[in-house]
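# A closer look at the structure
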There are 2 protein chains.
Amino acid sequence: MKIKNLHDLEIFVLTADSGSLSAAARLLELSPAVASASLKRLEAELGMALLLRSTRSLRLTAEGERLLPAARLALAGLKDAVEEISTGRQVIRDHLQISMPSDLGRNQMLGWLDEFLTRYPEVTLRIQLSDRLADIYRQPVDIAIRYGTPADSGLVALPLLPGNRRVLCASPAYLARHGSPASPAELTQHNCLRYRLGDEVHERWQFFRDGEETSVAVSGNRVSDDADAVRRWAVAGFGIASKSLLDLVPDLQSGRLVRLCPDWSGESAPLSLICADRRQLSPTVALLREHLRQRCEETVANGI
Amino acid sequence: MKIKNLHDLEIFVLTADSGSLSAAARLLELSPAVASASLKRLEAELGMALLLRSTRSLRLTAEGERLLPAARLALAGLKDAVEEISTGRQVIRDHLQISMPSDLGRNQMLGWLDEFLTRYPEVTLRIQLSDRLADIYRQPVDIAIRYGTPADSGLVALPLLPGNRRVLCASPAYLARHGSPASPAELTQHNCLRYRLGDEVHERWQFFRDGEETSVAVSGNRVSDDADAVRRWAVAGFGIASKSLLDLVPDLQSGRLVRLCPDWSGESAPLSLICADRRQLSPTVALLREHLRQRCEETVANGI
DNA sequence: AATTACTTTCAAAAATATTTTGAAAATAAA
DNA sequence: TTTATTTTCAAAATATTTTTGAAAGTAATT
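Residues numbered from 1 in each chain as written. Chains lettered and ligands numbered in written order. Predicted model: local features only at pLDDT ≥ 70, side-chain atom pairs only at ≥ 80, totals over all residues. Heavy atoms only, no water.

## Here's the deal with the packing of helix α1 (residues 6-18) of chain B against helix α4 (residues 62-87) of chain B
In a packed pair of helices, the relevant descriptors are the angle between the two axes and the axis-to-axis distance. Residues and elements named next belong to chain B. Filter applied, for reference: Axis definition: a line fitted to C-alpha atoms, limited for helices to the stretch in contact. Angles are taken between N-to-C directions and run from 0 to 180 degrees. The helix and strand labels rest on DSSP assignments: H or I over at least four residues marks a helix, E over at least two residues marks a strand, and numbering proceeds from the N terminus. For classification purposes, an angle smaller than 35 degrees is called roughly parallel, one larger than 145 roughly antiparallel, one from 65 to 115 roughly perpendicular, and anything else oblique. Crossings are sorted by hand: turned counterclockwise from the far helix by less than a right angle, the near helix makes the crossing left-handed, and turned clockwise it makes it right-handed. Note on definitions: a residue-residue contact is assigned when non-hydrogen atoms from the two residues lie within 4.5 Å. Under the convention adopted here, Pro, Cys and the residues Ala, Val, Leu, Ile, Met, Phe, Trp and Tyr are nonpolar, Asp, Glu, Lys and Arg are charged, and Gly plus all remaining residues are polar.
Two elements in contact, α1 and α4, have axes whose closest approach is 10 Å; the angle formed by their N-to-C orientations is 120°. Classified by the angle between their axes, α1 and α4 sit oblique to one another. When the axes of α1 and α4 are compared, the crossing they make is left-handed. On α4, the residues that touch Leu-6, Leu-9, Glu-10, Phe-12, Val-13, Ala-16 and Asp-17 of α1 are Gly-64, Leu-67, Leu-68, Ala-71, Arg-72, Leu-75 and Leu-78. Taken together, the residues that form the contact of α1 with α4 break down as ten nonpolar, one polar and three charged.

The structure is reproduced here in structure tokens:
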């Protein structure tokens, strides 16, 4: 191995990143002369120029350009390994593009993802909010979180909260004005806030109690294709919504919403983490899934 | 970064590999005292013991065990990068399990793979000879080279020699004894060496000339499921074979076999590189494919 | 056009680090 | 018990790196 000094390599990377030897020296709290000597040494060891420098500007040579990613990788790999060994915690360095449902994503999952990023600081995320499963193909995402089970057998669905169901809810203000329905059948007397997924409006609401099953065709003056908008309408007292229990837990706990007909439960709304391929089940995805699964279960357990 | 010296890291890896500081020192042509000091330094930098040493034996600590793979990776990565930059040649470090047809594999492709390994010395191969496509699932292979196009749409087939066809051939000795067929129809008068793939014996041989098409039901006293065996029978003068032109080039060039009815060509026998998944199309596979494709084309071009 | 504020680099001295050397202590094998 | 080999040590000899102060160059500003 021609390269002797990891420190020199680090200075090279930092110099390339910051665009100046002095800046790199400042970052490492070294004198500029040290940084200069270090780079000179590295170039001498390799027998090639890495950075073309004039007194006021720097440019990577073709060789430097090609060494840079390998240097980064080696430094990060060793740094992570030492970190893992001394702290006993695993370091993961990855990037994920995630698509999430609009309501759950905006209101709860963002916080859970923040926790994940705090625990694994070298992970970066790109988040998109969408309720449509089809978007998983159109958008460049690695994983999607969705309600319902995908019909497409080419997709892999990992359950996050398989037992989740829709439930009825409304704000105390609405109930004070219009009364509370004693059974699902009375929904026809109420303004029902409906949700549209693609072309289909969810306006025949099903309900289950023990073995019993019933369904009601509901109507009302508001339909939205954004699940978060429907929830906000309900909180604002515009009517009754049928929504995933998981989405509602914060509002139920705070009292902004009240659960109706609690002895009845609505349609099954299993939450899954979906990816296009079992091979994309990277360690990062597995860790994220476990984290989200725990949070989902805690949430419904606390918010019965 | 706590680790300063790449040389120390190299000594650590070599010591772990060779089981002794002195042995590592000998490999690097250093004095044992240097190796000892180097390891001591590395352990001091990390603040942890990596190797437990008594005067006559070594053992990795748990920490050393975990640092070792990262150290190897960093050293190899940097070494490869420097090598690539200074030679301008790409270094790939990979392992491939390959399944190949028995005849082509044994007689020509092994040589082509040797060339590939010489060019990319850090690649290792494991080779299996099989003519059956189904084996790609049973055997743990990364890629398979096969004649014919796979019916299974889950497989990805990359053409190596799409225009390849079967042709008729026999040894000069056989032809001296039994004469040469003037047209495919006369094959019924000859001992035809047949090939069996799975349950199916290839005994209806098709032929094409311009727009014209004919087929002949052949018979004979020998059938084998090994394509190489069929070729050997033909060389030994036991009859007429219908085989992939690519397989026959060396025998046709050397005169061990003679092509019959050269104005007719047999069934299409496209050669493809097959892998289970487009994601398995690693850079290594792409390079290998291009290498084999060139060799196949050269071979048939030289052996018309 | 001159000034300012910064850059990179240098050379010599000073400070650190590493290697050599020879010897000591330890241990597995002969 | 002897022998050969291991690891490690301490002191001296080398080698390397950093400090320091100065020089030379350049982009932006006055």
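Structure shown, so let's carry the discussion forward.
## Some remarks on the domain arrangement of chain A
So the rule is basically this: Note that the domain bounds reflect an automated or database-derived domain assignment.
We note that the domain assignment places domain 1 (6-87), domain 2 (98-159 + 275-302) and domain 3 (166-260) within chain A. On a C-alpha basis, the centroid separation for the pair domain 1 of chain A and domain 3 of chain A is 60 Å.

## A look at the interface of chain B and chain A
How we decide: Summed over both partners, the accessible area (1.4 Å probe) lost when two parts come together is defined as the buried area. N or O atoms closer than or at 3.5 Å make up a polar contact, with two conditions inside protein: a donor-capable atom paired with an acceptor-capable one, and, for residues adjacent in sequence, both atoms drawn from side chains.
At the junction of the two partners, chain B supplies 28 residues and chain A supplies 28 residues. Both sides together, the interface formed by chain B and chain A hides about 2,400 Å², and carbon and sulfur atoms give 73% of it. By the criterion of area lost to chain A, the three top residues of chain B are Met1(B), Leu78(B) and Ile85(B), representing 27% of everything that side buries. Run the count over chain B and chain A and you get two residue pairs in polar contact (both at pLDDT 80 or more). Every element with two or more residues in the side of chain B that touches chain A is listed here: α1 and α4 of chain B. Counting residues per element, the side of chain B that touches chain A draws most heavily on α4(B), at 15 residues. A class-by-class count of the residues in the side of chain B that touches chain A yields 15 nonpolar, four polar and nine charged.

## Comments concerning the protein's contact with DNA strand D
As a reminder, the rule being used: Residues are counted as near a molecule or strand when any one of their heavy atoms sits within 4 Å of it.
Around DNA strand D, the surrounding shell holds 19 residues, and the nearest of these are Arg41(A), Thr55(A), Leu21(B), Ser22(B) and Thr55(B). Atoms of DNA strand D within 4 Å of the protein belong to the sugar or the phosphate in 78% of instances, the rest to bases. Take Leu21(B): an N or O atom from its main chain is 2.8 Å from a phosphate oxygen of DNA strand D. The contact in question runs from a phosphate oxygen of DNA strand D to an N or O atom on the side chain of Arg53(B), over 2.9 Å.

## Focus: the packing of aromatic side chains
All names here are of chain A. The condition is simple: What counts as a ring pair is set by centres within 6.5 Å for rings of Phe, Tyr and Trp (its six-membered ring), and what kind of pair is set by the plane angle: stacked under 30 degrees, edge-to-face over 60, tilted for all other angles. Partly exposed residues are those whose accessible area sits between 20% and 50% of the maximum for their type, while under 20% is buried and over 50% is exposed, using a 1.4 Å probe and protein chains only. For a Lys NZ or an Arg CZ to count as sitting over a ring, it must be within 6 Å of the ring centre and within 35 degrees of the ring normal.
Under the definition given, this model contains two aromatic pairs over all chains. With centroids separated by 5.0 Å and ring planes inclined at 50°, the aromatic side chains of Phe-116 and Tyr-120 adopt a geometry described as tilted. Both residues of the pair, Phe-116 and Tyr-120, belong to the buried class. Above the ring of Phe-238, the side-chain terminus of Arg-222 is found at 3.8 Å from the ring centroid.

## Some words on the sheet that holds strand β15 (residues 271-275) of chain B
Residues and elements named next belong to chain B. Using the following cut-off: Paired strands, in this sense, are two strands between which DSSP finds at least two bridges.
If you walk across this open sheet you meet the five strands as β4-β3-β5-β15-β6, and the pairing is mixed. Edge positions in the sheet fall to β4 (123-129) and β6 (156-161), since each of these pairs with one other strand and no more. The mean inter-strand angle of the sheet, taken between neighbouring strand axes irrespective of direction, is 25°. By the bridge criterion, seven bridges tie strand β3 (residues 94-100) to β4 in an arrangement that is parallel. In the sheet register, His-95 faces β4, and the bridge partner there is Thr-124. Its contacts with the sheet place helix α5 (residues 102-119) against β3, β4, β5 (143-147) and β15, and it is angled at close to 180° to β4.

## Overview of the sheet that holds strand β3 (residues 94-100) of chain A
Residues and elements named next belong to chain A. Strand order across the open sheet formed by five strands is β4-β3-β5-β15-β6, with mixed pairing between neighbours. The strands lining the two open edges of the sheet, one partner per strand, are β4 (123-129) and β6 (156-161). Mean inter-strand twist for the sheet, computed between neighbouring axes without regard to direction, equals 25°. Inspection of the sheet shows β3 paired to strand β5 (residues 143-147) by two bridges, in the parallel sense. The residue bridging Ile-98 from the neighbouring strand is Ile-143, located in β5.

## Quick look at the pairing of strand β7 (residues 166-170) of chain A
Residues and elements named next belong to chain A. Here β7 lies mainly inside the structure; five of its five residues are buried. Burial along β7 is two-sided: Arg-166, Leu-168 and Ala-170 and Val-167 and Cys-169, pointing in opposite directions, are all buried. Taken together, the four bridges between β7 and strand β13 (residues 240-244) define a ladder with antiparallel strand orientation. Within β13, the position partnered with Leu-168 by the bridge is Ser-242. One ladder, built from three bridges, connects β7 with strand β14 (residues 258-260); its direction is antiparallel. Bridged to Ala-170 within β14 is Val-258.

## Here's the deal with the side chain of Asn191(A)
Residue and element names in this part refer to chain A. The topology assignment puts Asn-191 in the loop between α7 (172-178) and β8 (192-197). Taking the relative accessible area as the measure of exposure, Asn-191 reaches 19% and is therefore buried. At 2.8 Å, the side chain of Asn-191 and the backbone oxygen of Phe-238 are in polar contact. Apart from the residues within four sequence positions on either side, Asn-191 is in contact with Tyr-174, Ser-219, Gly-220, Asn-221, Phe-238, Gly-239 and Ile-240.

## Quick word on the relation of the copies chain B and chain A
In plain terms, the rule: We superpose the copies by least squares over the C-alpha atoms of residues that have a pLDDT of at least 70 in both of them.
When chain B is fitted to chain A, the residual RMSD is 0.5 Å, and the transformation amounts to a turn of 179° plus an axial shift of 0.1 Å. Taken together, the turn and the small shift mark the pair as related by a two-fold rotation axis.

## Some thoughts on the protein's contact with DNA strand C
In the vicinity of DNA strand C, 19 residues are found, and the nearest of them are Leu21(A), Ser22(A), Thr55(A), Arg41(B) and Thr55(B). A share of 80% of the atoms of DNA strand C within 4 Å of the protein falls on sugar and phosphate groups. Contacts to DNA strand C include Ser22(A), whose side-chain N or O atom sits 2.3 Å from a phosphate oxygen.

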